[in-house]
Structures are given as structure tokens and as C-alpha cells.
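Architecture and fold: a report
Listed below, chain by chain, are the residues.
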Amino acid sequence: MSADASVTARTAPRLRLRLDVTGAVQGVGFRPFVHRLAVSEGLGGFVRNTSEGASVEIEGHEHALERFLARLDTEIAPPALIQERQSRRLPAQGDQEFVIAASACIGTRSALVLPDLASCAECLREFSDPDDRRYRYPFTTCVHCGPRYSIIETVPYDRAHTAMSQFIMCPLCQAEYDDPGSRRFHAETNACPDCGPQIALWDRAGNIVATRHQGLTAAADMLRRGRILALKGLGGFQLLVDARNEESVRHLRERKRRPAKPFAVMVPSLADALTVVETSAEEARLLCSAAAPIVLLRTRANATQIAASVAPANRRLGLMLPYTPLHHLLMDELKFPIVATSGNQGDEPIVAGEDEALTRLAGLADGFLVHDRPILRPVDDSVVQVVMGRETVLRCARGYAPLSLTHPAATTVALALGGHQKSSVALAVRKHIILGPHIGNLGGTEARAAFARAVEATARLYDASPQLLACDKHPDYHSTHFAERLALPLRRVRHHLAHTLAGVVDNGLEGPVLGVAWDGSGYGGDGSVWGGEFLAIDATSYRRVGHLLPFRLPGGEVAAREPRRAALGALYATFGESALTMTDLCPIAAFTPTERQVLASMLKRHVNSPLTSSAGRLFDAIAAILGLRQSASFEGEAAMALESAADRAANTAVLAPPIVSDEAEKFVVDWRPMLESLIIASRLDTPTEDLATAFHEVLAEAIVAVAMRVKIEQVLLTGGCFQNARLTARSVLQLREAGFSPYWHHRIPPNDGGIAVGQAAFAVRPLIEEKC
Ligand SMILES: [Zn+2]
Ligand SMILES: [Zn+2]
């Protein structure tokens, strides 16, 4: 520094600035980061958490303040993220030192609540080091990793407001917490073997079998012996079993009453994953990410170490890596893949408490590996897949939820209650839409109780009193009934419009959009079941511009679990009564002659045989005709089998393209020529796999054909059918070739897990329905 400059520095006036920051700034090391920055620039002042985010006051010379601000923007590291920063000048107070001050509980609560984060590399290294005081400690965390959402009681994110409040830090941990140079400086989850949570292994009755590391090794022994272990993880219980042991996996299926739905698998490391599945760079990145989701991946042809009944007849496997120190320790002991499925019975929500586990998982687990850190907000494992090189979240839960999306139209507080299957809740508040985690299907009492808790907890966490509610238009959904009881202004949103709006929010689309909303079923309001819809939307209105040709579903709702019924309906729509005599086709042969007679009469007289335009049911029909599934034990099983068959194809067959007709100003996609050609080809022994591929191609062609007629450039693919990666990818490619701009889902699930977001968007800015 020159003599002149040093004179200037001494005499230049000191300035003080106050910065109010919002974004992901709590529980991510933001305060320590600001502290380091301020100290290195020789500034005084303080940083503290507020209910809205963080507040910083800095005092010093002008140039130092400028450098501080520039570095604040450029040096901030994920997951920390500044969304907004407001600054104002304050009179200088002469602060020479910079400190982290106690949190201020002022203002409204809107701080972004961060999802739970997988163990970081530094913590992993520490608890693997025999010389480290956290060697083998299952709750090792730092400012960069560990639980967040699942342990937070209320904002701001401070230890006193989390499940860690009951653990008083020992002097060593406290010293780390107070040391600006430490990675655990203000790490609210900081703990060690002397002062933090501990594990224990319980038997079926809840008696302690072993504690600490002995508990872990005893639990590992159980798994080696083929037993089923219930593990209290990060956001709830998981049921674990040796994934190589066919008998044990079958045992778990029997106990869980889950005959065919694929189980997720946890492997010790990425290297182990690569022996089982093929991964792209993006897929490997997701496996190793801080969110650490279950990633759906292609199973290697020579991967024999996974038992067949883990994902029966499926080309893909849901895989994840250990994401807590406890999982890492267990996998280090085992060194083999394990099934890790949600700790619940059937479609119930995930179990989160030990006492609850003893009753709700009774008869399911042979032992319980538990710990004494309470789970305040249950959250399941997330599920994602990569489509066209980009992530699509299929289940938004641990690591992703709560998902906060900027939405400027959200100027009123609106609570959206989602659908019935894959229930979740969304809140429109302070120019954001926040999607809460996956809850489950609202069929049972446990799920309904969890749903009621989620509604209450969401509003409380963000200190928001909803002025408006939004729900599905279906009059019989539990979520609709729940909304009706809350005595607030209620907006009922069309199911497929909610799907489309969720996709619009997800992709940040503006201007006209053609929503291709395809799923299993949604309330139509015209006596028919919708599910193969084309909706044109703009800033103020929407219109159903087209749909798949409707066909009758004998038995209505029952048909969702019996693809052969959908097949019969589609065949009946194509061939009339002669469909009943086509006994060379699997679905027709699957009925007894008497059943055929009854169904024929139902179809003829339109008794309990609603019309449906559902793409999901068309998938069921084709899967049944190709002999893949006549009945289904879970939603989407037949469609999944069809996608799997297509993935195995060596060639593709050629099927008749769909005919798009214009009926009453709606474009109707007539798939009957395709069905006729498929049956002819099938009778000529064309491989099922090739026909499955061709069916996907025809559907993509149908989307392009309708888009050409509607003439809207932005085409959005949404709804449960677009969980089908092949259908999505082929539609995207064909749309691009035809000059359209296709969009699909990214962070918000395309299935019913995302519709709460669309409902919330509709609630804060309703669209008028234009009838034709
Ligand atoms: Zn860490
Ligand atoms: Zn300690």
C-alpha cells in the first residue's frame, strides 16, 4: 500500500450496510461463509438468521464493502443460494469485529427450508478414520451435510428449533461450533459419540438387543442370515433385506403384500452400482448427489447378483447409494446390495417413530435398528430418472422436498390439496409455490391422518394462513372432501389442467401451450373418464382441443386393476360384438365363457361401462393383447411391462398410423387402425417386443399429428403416462423434428404427485374454461 493510500484508508469515512438476503441461506453454511468473507476484507458487523432468510450488517471502507458484495455473489457455493438481496445504508457504529449473532425471530416466516442432504466427503473420511473422534459415529454431519427438513420444527433453522435441541453439545463439539475456522462452525446438527444421538438394535417386541456399534454389527448379521430389518433412517423407516437372496426377497413381498411392484436397491458404492446397471454421466451424478435419490437405471444383461423377484420382468432397477453415515456403516459391514424399501404396509405412508414402527411394522420386520433422534417430518426416498439427458423427478421427497419454485403470480396465500393417488400438498405464498413431500395414496386411514398432518404442518412451517384452497374437480376424492370441510373459498381444478399447469410452472413457460395430459384417469365432468387429453392454454383461458378416441371400460374402476378389461373395451370399440369371439387373443381367453357373456351385455347396454379417453387404459389394453399382463397388482404395472418389452426389442414393427378426425371442433385420435394392424402382425408372429416399440412410436406420431392441427409451438408432455421414458423421449424427438418446442417434467413429478402445484397456480390465477 502506498503512503497516500494508507492515508486515505485512515481518513476515508466508514460506511455501514444492511443486507437482507432470502434464498437457501439457512443450514448451508451461509453464516460461516459470510463471516470468513467479512473477516478477510477487514469488515466489522454481524450476520444472523432471520425468519425470512439472513440479515447481514457490514461496516468498513467503501472499497472493502464493494469487494465483499462482489465476492458474496461470486463465491457462494451450492447448496447455498441467494434469491433476493436488499441493501440499505445505515449510520456507522464503529464495529471493528465481525460476529455471528443470535437469530432474530422477527417478521413473517418465509425462509427457504432446505431438504435433507447426503453425507459429504469430508464427514465420510472422518468417520472412516480410526484415529478420529467420530470414527464409526452414525450421526456425523457438518454444515454441508445431514438432515434439515426432516428434523426442523420451525424456522429459522437453529438447533433449538430442531430435533437436535435435546442433545447438548459436549465441550469439543461446542468448540467446533464456535470456531470460525471449523467446518462445524454453526453446524446445527453437530454431534459426536459423547453428546449426540445413538443407535440400538431392538427385537420384534422392542427389547434392546445391542447398542452402538454392536447393534450395527448384530443388525448386519441379521441381514446376512436373510432376515428382514426395519431401519430408522433419515426421514422414516426402511425395510431392508439381502437383495441377492431370492427367498428373503419373496418373504418380504409376502409380508408386505406387494407381489410385483419393483423394490429399490441400495449398493455400497458407485463402483458396485456399475456392476449391476448401466449409467450415463448424468445418472451417475444423480446417484452421488447431495439429494441421493433412487435413480431408475437399465439393468446390465449379465448382472446376476440381484434376485429376480426384486424387480420382476423389469429391464430397469431403482438404485441408490448410502446417504447417511448409518447407511454407510451398514453397507461397509455388508459389502453386498440390499433391498431398501419404504417402511410401510401396502400404500400406507412411511413410518417415522419407533413406537409406531413396533405396531405398524409388526409382522413385517424381524428386528429394528433405531436411534433416538426424532424424525419430525416424515419423508420417503425420492425417485428420479433421466430422460433425454435431463433429470425427471418421479417422487419428490427426501433431498428434493420441500421444493420451492419462484412464482410471481402467487400474491395470495393458497393451499392446494393435490389428488388421491401419490398425494402431496402445495402452498402458494409470497411469490413462491412450495411443494411438500410425497405422502401416499389417500385410500387408508393412516394416509389420511398423515395428509391432515401435512396440511397443518405446511401452513405452520411457512406461517401462512391460506385465504384460498384448491382441490381436484373429482367429487369423491378424499382431498376434495377434506377441502370442503375447511370452510374457505375453494377452487376446483380439472385434473388434466392441473397436470398441465404443473408442467408450465416446472418449465417456466409463458404464452400459449398445448398440454398433452395423459394418465390413467381423471374426472371429466361429462360422464366419461378423461386421460388422453390435449388442452390448449394461454394467459387467461384453456380449452380441451382434443383427446384419444373414447372406449367403454367394462366394470369401470375395476378395469384399472384388470388390463384384460381395458383390452376387451378397446377390442369391442374396434370390432363390435365379434371381439368376444376372438379367443386366440390372451385377454379374451382370460375370461370364462360366462364372464364373456356378462361383459358383452354390459358393453352393449352401457351398464357400468363408462367411456374413457384414457391413454393409461390404452396402454393396459395393448399390454393385455400382447400377452404381457391380464391383471395388475399396482397402478401402471401393465404399462411398465409394455415399456420394458419395447426396451428389449431388436427391431420395430410398423403399425397403421392413427387417424385424427375433427369432431365437434375437437381433434379425436382414432387408434383403431393401429389396433387392427397390431392384431394382424401379432397373428403373423411378429415379436411382442417389436410391436411394443411400434405402439410407442404410433402414440408419439399421434401427439405430433394433433400438434400440427392445433398449431401451438410449445408442446408440454404431462401426466402419469410420461413417467414412461420411451414415450417421453420419442414424443420429444418427433415433436422437434416437426418443428415444435417440446417440454417435459423436471423437478415436479409428471404424475399425480405434481398436480398440487398446478392447482396452486390455478388458485392464484384462475383460467376460464372455453367450451367448444
Ligand atoms: Zn459433512
Ligand atoms: Zn460432542
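You'll find the structure just up there.
Below is a summary of the structure that appears in this document. (Residues numbered from 1 in each chain as written. Chains lettered and ligands numbered in written order. Predicted model: local features only at pLDDT ≥ 70, side-chain atom pairs only at ≥ 80, totals over all residues. Heavy atoms only, no water.)

1. Regarding the sheet that holds strand β4 (residues 81-90)
With mixed pairing, five strands are arranged side by side in an open sheet as β4-β1-β3-β2-β5. Edge strands, defined here as strands with exactly one partner in the open sheet, are β4 and β5 (98-100). This sheet shows a mean twist of 15° between the axes of neighbouring strands, independent of strand direction. In terms of strand pairing, strand β1 (residues 15-24) meets β4 through nine bridges, oriented antiparallel. What sits directly across from Leu19, in β4, is Ser87. Contacts between helix α2 (residues 30-40) and the sheet are confined to β1, β2 (44-49), β3 (54-60), β4 and β5, with β5 contributing the most and set at about 175° to the helix. (Pairing = 2+ DSSP bridges. Helix = DSSP H or I, 4+ residues; strand = E, 2+ residues; numbered from the N terminus. Axes fitted to C-alpha atoms, helices over the stretch in contact; angles between N-to-C directions. Contact = heavy atoms within 4.5 Å.)

2. Points about the coordination of the zinc ion (ligand 1)
Each protein donor to the zinc ion (ligand 1) is listed here as Cys120 (SG), Cys123 (SG), Cys142 (SG) and Cys145 (SG); together their distances run 2.3 to 2.4 Å. The site at the zinc ion (ligand 1) holds four donor atoms, and with the angles between them running 102 to 120°, its shape is tetrahedral. In the primary sequence, the donor residues of the zinc ion (ligand 1) line up as C-x2-C-x18-C-x2-C. Judged by relative accessible area, which is 1%, Cys142 ranks as buried. (Donors = N, O, S within 2.8 Å, 3.2 Å for Na, K, Ca; no water. Tetrahedral: all angles 85-135°; square planar, octahedral: opposite > 155°, others 65-115°. Buried < 20%, exposed > 50% of the residue type's maximum accessible area, 1.4 Å probe, protein only.)

3. Structural notes on helix α23 (residues 755-764)
The buried fraction of α23 amounts to 10 of the 10 residues, a majority that puts the element mostly inside the structure. Here α23 has its buried residues at Ile755, Ala756, Val757, Gly758, Gln759, Ala760, Ala761, Phe762, Ala763 and Val764. Where α23 is buried, its residues meet β19 (414-416), β20 (426-429), β21 (432-435), β22 (468-472), β23 (490-493) and α14 (495-507).

4. Details of the side chain of His496
The residue His496 is located in helix α14 in this model. Residues in contact with His496, not counting those within four places in the same chain, are Ala517, Asp519, Gly522, Trp530, Gly531, Glu533 and Leu535.

5. Topic: the packing of aromatic side chains
All told, the structure shown has seven aromatic pairs when counted by the stated rule. With 5.8 Å between their ring centres and 65° between their planes, Tyr137 and Phe139 make a pair best called edge-to-face. An angle of 75° between the planes, with centres 5.0 Å apart, marks the rings of Phe451 and Phe482 as edge-to-face. In this pair, Phe451 is assigned in helix α12 (residues 445-461) and Phe482 in helix α13 (residues 478-485), connecting sequence segments 31 residues apart. There is no split in this pair, since Phe451 and Phe482 are both buried. Taken together, Trp518, Phe534 and Phe722 form an aromatic cluster joined through their ring pairs. Directly above the aromatic system of Phe336 lies the positively charged group of Arg244, at a separation of 3.8 Å from the ring centroid. The ring of Tyr323 carries the charged tip of Arg398 above its face, separated from the ring centre by 3.3 Å. (Phe/Tyr/Trp six-rings, centres within 6.5 Å; stacked < 30°, edge-to-face > 60°. Lys NZ or Arg CZ within 6 Å of the ring centre and 35° of its normal.)

6. Notes on the coordination of the zinc ion (ligand 2)
Coordination sphere of the zinc ion (ligand 2), protein contribution only: Cys170 (SG), Cys173 (SG), Cys192 (SG) and Cys195 (SG), at 2.2 to 2.3 Å. Geometry at the zinc ion (ligand 2) is tetrahedral, judged from the four donor atoms that bind it and their angles of 106 to 117° at the metal. In the primary sequence, the donor residues of the zinc ion (ligand 2) line up as C-x2-C-x18-C-x2-C. Note that Cys173 is positioned in helix α5 (residues 171-178) and Cys195 in the loop between α5 and β6 (199-202), a separation of 22 residues in sequence. We note that Cys173, like Cys195, is buried.

Interpretation note: all reported values are geometric properties and have no functional meaning in isolation.
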